[in-house]
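The lines below spell out each chain.
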Amino acid sequence: MKTRHVISVCLMASALSACGAGERLKNVGKAPALTAIENPTSQKGYKPVQMPMPTIQPAAYSPNSLWQTGSRKFFKDQRANKVGDILTVEVSITDSAKIDNTTSRSRSGSDSVGLSGSVGSVLGSALSGINEIDTSNLADASSSSSSEGTGAIDRSETITTSVAAVVLQVLPNGNLVIEGRQEIRVNFEVREILVAGIVRPEDIASDNTIESEKIAEARIAYGGRGQLSDVQQPRYGQQVMDIILPF
């Protein structure tokens, strides 16, 4: 029964990989196509962001005032503040981690059991004919165990780029939900950059830019697709076997 189940899974995986292989064969000799520009909110699976919101305060207006509340300039604020506005995200990630861990543990024990006195003399007399049993040392047990482990992590990542993002939603407290996508095709390889998250209007600089570390719930992805990415990935069959095989 298990064998039949494994075979069915392999056949399903082969069918799926055949569909992907057919699509790749159809594009042999062609550069990867760029994704069409679409409305992110109309994509399948898109859900508006819902976050805990404070109580909405009534707006206060100053009559006969030329100053716009929250603006950094006397005239109209050019920073993004409503759905459809564009701002620039300055992505700067410099991450490094180095951890060394060594563990060593050992334990040993020894136990012996014997009888002496009257009980030992009686038992010795009763068992005197059986291979000369010594009642003072009836049982002897010893054990030892040891374990040793070492581990190390050495990681370094650096990403520096700029991506234009669009305001998709304005939350009740004024925070902005943004998302930006960028595709760059070089020969037969497409590099993709995705930036999404929630920002405060106060964190947007006067030149309409914001730093990536000021984005809440940030989702930043940098990858690619094309001939080079295909070569760097294991074959479909190997990926399926890595999932199915328990060893």
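Here the structure is a predicted model, which is why all the values come from computation and not from measurement.

**Q** Report on the side chain of Glu 179, specifying residues and quantitative values.
**A** Position of Glu 179 relative to the elements: it lies in strand β3 (residues 176–186). A distance of 3.1 Å separates polar atoms of two side chains, one belonging to Glu 179 and the other to Arg 181. Excluding residues within four positions of it along the chain, Glu 179 makes contact with Pro 40, Ala 165, Val 166, Leu 168, Leu 194, Val 195 and Ala 196.

**Q** Could you give an account of the environment of Lys 82, naming the residues involved and the relevant values?
**A** Assignment of secondary structure puts Lys 82 in the loop between α1 (2–26) and β1 (86–113). We classify Lys 82 as partly exposed; its relative accessible area is 43%. For the pair Lys 82 and Asn 175, spaced 93 residues apart in the sequence, the C-alpha separation amounts to 9.8 Å.

**Q** Describe the confidence of the model for the chain, naming the residues involved and giving the relevant values.
**A** Confidence in the prediction of the chain, expressed as mean pLDDT, is 78, and 73% of residues score 70 or more. At the level of individual helices and strands, the chain shows its lowest average pLDDT in helix α2 (residues 117–126), which scores 58, and its highest in strand β5 (residues 209–211), which scores 94.

Conventions used here
The residue numbering used here restarts from 1 in each chain and proceeds along that chain's sequence as written. The model is predicted, so local features are restricted to residues of pLDDT at least 70 and side-chain atom pairs to those at 80 or more, both for listing and for counting; the totals for chains, interfaces and linings are taken over all residues. To get the side-chain values, take all heavy atoms of the structure and skip hydrogens and water. Each helix corresponds to a stretch of at least 4 residues labelled H or I by DSSP, and each strand to a stretch of at least 2 residues labelled E; elements are numbered beginning at the N terminus. Any N or O atom pair separated by 3.5 Å or less is treated as a polar contact, with the protein-specific requirement of one donor-capable and one acceptor-capable atom, and with residues adjacent in sequence counted only for side-chain atom pairs. In this analysis, two residues are considered to be in contact whenever any of their non-hydrogen atoms come within 4.5 Å of each other. Note on classification: 1.4 Å probe, protein chains only; a residue is buried when its accessible area is under 20% of the maximum for its type, exposed when over 50%, partly exposed between these limits. Confidence scores per residue from the predictor, reported as pLDDT, run from 0 to 100.

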